[in-house]
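# Coordinate inspection notes
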Amino acid sequence: MTTAIIGTGGLGSVIARQLASGGETLRLSSADRESARTLAAEIGRGAVAAAGNRDALQGADAVVLALRFTVLKGVIDEIADPLAGRLVVVPSNPLSTDAHGNVSRVLPEGQSAGKVVAGWLPAGARLAMAFGTMSADLFESAANRSPEPAVLFYVTDDDRAGQEVERLIRTAGFEPVKAGGIEQSGRLEVGGDLHDLVVGPAQARSLIDRA
Ligand SMILES: NC(=O)c1ccc[n+]([C@@H]2O[C@H](COP(=O)([O-])OP(=O)(O)OC[C@H]3O[C@@H](n4cnc5c(N)ncnc54)[C@H](OP(=O)(O)O)[C@@H]3O)[C@@H](O)[C@H]2O)c1
């Protein structure tokens, strides 16, 4: 199947490599096109650089918006029409970094990225918050763990989105575990109790049940 990845930076490039190694066909897009082109060339067969963000969605079953939270709404508005009817996977944490490298939260305490992003999407888009629960390095090293796969948590309000994101998570080399509906997305974000954990399925389920 085909997934569009918009944003091929620190996290998007790792997601792309993992999905490609699991057999997913990819359409890649970035702000200046050069990083998408470079990544597509590095991955090789099965990955192409799209002509732009809307073009990335051509023929894609799903899209991963691997973008900083501060540019997310602008890109969603740019590609709103083709998002309807598709799985939209968002790994973004609600953070911004200033010129000095200081990181700060851009949403008020208690307001999760998932709730806000859900309000930005057009009707018919199926949202899952996923793939942003670990640092890119941890994500890469924990993929395809053996003998027990590592878990990637996700949240969604939509059963079909759940099935679709579970397929993508398995393709990337993880075991999917649902942490709840979108209202639970704060648990997955930086500062949440399920963030940056490498655990197996049994421990993951006990963490969810304990909350
Ligand atoms: N990095 C991590 O370890 C990590 C872990 C968990 C979650 N996350 C979340 O993942 C998201 C991405 O983080 P990152 O570290 O990958 O950021 P990043 O390295 O800055 O990459 C951002 C990517 O977005 C692209 N981009 C910016 N504006 C765009 C636009 N208008 N249209 C298309 N592409 C655009 C950039 O394109 P260019 O390449 O052309 O500049 C770049 O490829 C963030 O929200 C972050 O919270 C990151």
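Our structure is the block above this text.
In this text the structure is predicted, and so the values were computed from the model without any measurement. (Residues numbered from 1 in each chain as written. Predicted model: local features only at pLDDT ≥ 70, side-chain atom pairs only at ≥ 80, totals over all residues. Heavy atoms only, no water.)

## So, the overall build of the protein chain
- When helices and strands are counted, the protein chain shows 9 helices and 10 strands.
- Against the globule reference of 17 Å for 211 residues, the protein chain gives a C-alpha radius of gyration of 16 Å, in line with a compact fold.
- In the form shown here, the protein chain has an accessible surface area of approximately 9300 Å², with 49% of it arising from carbon and sulfur atoms. (Helix = DSSP H or I, 4+ residues; strand = E, 2+ residues; numbered from the N terminus. Rg over C-alpha atoms; globule rule 2.2 N^0.38 Å. Areas by Shrake-Rupley, 256 points an atom, 1.4 Å probe, with all protein chains shown as cover.)

## A few points about helix α4 (residues 69–78)
- Among the residues making up α4, those that are buried are Phe 69, Leu 72, Val 75 and Ile 76. End-on view of α4: buried residues confined to an arc of 100°, all on one side of the axis. (Buried < 20%, exposed > 50% of the residue type's maximum accessible area, 1.4 Å probe, protein only. Arc of directions from axis to C-beta.)

## Considering the environment of Leu 207
- Within the secondary structure, Leu 207 is located in helix α9 (residues 201–210).
- A residue is classified by how much of its surface remains accessible, and Leu 207, at 16% relative accessible area, is buried.
- For the pair Leu 207 and Asp 193, spaced 14 residues apart in the sequence, the C-alpha separation amounts to 8.7 Å.

## Section: the sheet that holds strand β8 (residues 126–130)
- Taken together, 8 strands build an open sheet; the order of strands is β3-β2-β1-β4-β5-β8-β9-β10 and the sheet is mixed. Because the sheet does not close on itself, it has two edges, and the strands there are β3 (47–49) and β10 (175–180). Taking the axes of each pair of neighbouring strands and ignoring which way they run, one obtains an average angle of 25° across the sheet.
- Of the strand pairs in this sheet, β8 and strand β9 (residues 151–156) are connected by 3 bridges, and their pairing is antiparallel. If you follow Met 129 over to β9, its bridge partner there is Val 155.
- In the packing of helix α8 (residues 159–171) onto the sheet, the strands contacted are β1 (2–6), β4 (62–65), β5 (87–90), β8, β9 and β10, and the crossing angle to β9 comes to about 160°. (Pairing = 2+ DSSP bridges. Axes fitted to C-alpha atoms, helices over the stretch in contact; angles between N-to-C directions. Contact = heavy atoms within 4.5 Å.)

## Quick word on the pairing of β8
- Extensive coverage of β8 is indicated by the burial of 5 of its 5 residues.
- Both faces of β8 are covered, namely the face carrying Arg 126, Ala 128 and Ala 130 and the face carrying Leu 127 and Met 129.
- Sheet topology places β5 next to β8; 4 bridges connect them, and they run parallel. Along β8, the bridge assignment pairs Val 89 with Ala 128.

## Observations regarding helix α2 (residues 34–43)
- Listing the buried residues of α2 in full gives Ala 36, Leu 39 and Ala 40. For α2, the angular spread of the buried residues around the axis is 100°, confining them to a single face.
- Elements that come into contact with the buried residues of α2 comprise α1 (10–21), β2 (25–29) and β3.
- Directly beyond the C-terminal end of α2, a positive phi value near 85° is found at Gly 44.

## Side note on the pattern of salt bridges
- The full count for this structure, using the stated rule, is 14 salt bridges.
- Ionic pairing is found between Arg 17 and Glu 42, a salt bridge with its closest N-O pair at 2.7 Å. Remark: Glu 42 occurs in helix α2 and Arg 17 occurs in helix α1; sequence separation between them is 25 residues.
- For Arg 17, a relative accessible area of 28% corresponds to the partly exposed category.
- Exposure remark for Glu 42: the relative accessible area of 48% places this residue in the partly exposed category.
- Between Arg 105 and Glu 189 there is a salt bridge whose closest N-O contact spans 4.0 Å. Placement of the pair is Arg 105 in strand β7 (residues 103–105) and Glu 189 in the loop between β10 and α9, with a sequence separation of 84 residues. (Salt bridge = Lys/Arg side-chain N within 4 Å of Asp/Glu carboxyl O.)

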